[in-house]
Amino acid sequence: MTAQDALVAVMVACSASDQDMRTAELVAIQRMVGHMPIFAGYDTDRIREVTRIVIDLFEEEDGLDALFGLVRAALPERLFETAYALACDVVTADGHHTQVELQMLEEVREELAVDRLHAAAIEWGARVRHMQP
């Protein structure tokens with residue numbers, strides 16, 4: 001798994017956490033992968049493979065722990081906040097937050113040791129970027 005795969009895995013995990021990957025969330029993932037500098041040169045066909053890995057891990061008893069192990073192994077620490085920001089954007093993309101999605105964001109924040117103050121700023125930014133009229 002590459003660092004870019006790990007970022008995609010975090011986004012997919014947050015979208016799939018409530019067992020309802022909404023179209024807006026999937027479009028947000030595709031849009032971010034297609035336009036953000038961190039994904040320059042990334043093969044977008046990998047999204048499907050990474051999604052399969054995440055879904056397969058969710059079906060295992062300790063799959064979430066395994067997923068975070070893969071993510072931490074592939075992702076440089078300097079991109080932990082980036083992963084959290086991308087996850088927040090995916091969760092807010094459809095304008096609806098389920099409790100499960102919010103719990104998953106909290107898990108991402110804890111697993112990647114994102115400072116609470118930084119997390120609050122990231123969450124605020126995601127919320128205002130995806131504000132409904």
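If you're wondering where the values come from, they're calculated on a predicted model, not measured in any experiment. Position labels on residues start from 1 in each chain and follow its written sequence. With pLDDT at 70 or above as the cut-off, local features in this predicted model cover only qualifying residues; side-chain atom pairs require 80 or more to be listed or tallied, and sums for whole chains, interfaces and linings still use all residues. Only hydrogens and water are set aside when side-chain values are computed; all heavy atoms of the structure are taken into account.

### Description of unusual backbone geometry
Stage number 1. Although it is not a glycine, Ala 113 adopts a positive phi angle of roughly 50°.
Stage number 2. Only DSSP runs of H or I covering at least 4 residues are called helices, and only runs of E covering at least 2 are called strands; the numbering of each starts at the N terminus. Tracing the backbone shows Ala 113 in the loop between helix 6 (99-111) and helix 7 (116-129).

### Comments concerning helix 4 (residues 63-74)
Stage number 1. When the terminal C-alpha atoms of helix 4 are compared, their 16 Å separation across 12 residues agrees well with the 16 Å that a helix rising 1.5 Å per residue should span.
Stage number 2. Inspection of helix 4 places Gly 63, Leu 67, Phe 68, Val 71 and Ala 74 among the buried residues, and these make up the whole buried set. Along the axis of helix 4, the buried positions cluster into a sector of 135°, meaning they face one direction only.
Stage number 3. Of the surrounding secondary structure, the elements contacted by the buried residues of helix 4 are helix 1 (3-16), helix 3 (46-58) and helix 6. Helix span is expected to be 1.5 Å times the residue number reduced by one. Accessibility here uses a 1.4 Å probe with only protein chains present; expressed as a share of the type maximum, an area under 20% marks a residue as buried, one over 50% as exposed, and anything in between as partly exposed. Think of the arc as the fan of directions from the helix axis to the C-beta atoms. Between two residues, a contact is recorded if the distance between any of their heavy atoms is within 4.5 Å.

### Some words on the side chain of Asp 18
Stage number 1. Along the chain, the position of Asp 18 falls in the loop between helix 1 and helix 2 (23-35).
Stage number 2. Contacts of Asp 18, omitting those with residues within four sequence positions, involve Thr 98, Val 100 and Glu 101.

### Comments concerning the environment of Gln 30
Stage number 1. In this fold, Gln 30 is placed in helix 2.
Stage number 2. Taking the relative accessible area as the measure of exposure, Gln 30 reaches 44% and is therefore partly exposed.

### A closer look at the packing of helix 1 against helix 2
Stage number 1. Axis definition: a line fit to C-alpha positions, over the contact stretch in the case of helices; interaxial angles, taken between N-to-C directions, run 0 to 180 degrees. Interaxial distance between helix 1 and helix 2 falls to 10 Å at its minimum, and their mutual angle equals 170°. Looking at the two axes, helix 1 sits roughly antiparallel to helix 2. The residues of helix 2 that touch helix 1, namely those facing Val 8, Met 11, Val 12 and Ser 15, are Glu 25, Ile 29, Met 32 and Val 33.
Stage number 2. All amino acids are sorted into three groups, where Ala, Val, Leu, Ile, Met, Phe, Trp, Tyr, Cys and Pro are nonpolar, Asp, Glu, Lys and Arg are charged, and the leftover types, Gly among them, are polar. Across the contact of helix 1 with helix 2, the residue classes break down as 6 nonpolar, 1 polar and 1 charged. Angle categories: roughly parallel below 35 degrees, roughly antiparallel above 145, roughly perpendicular from 65 to 115, and oblique for all the rest.

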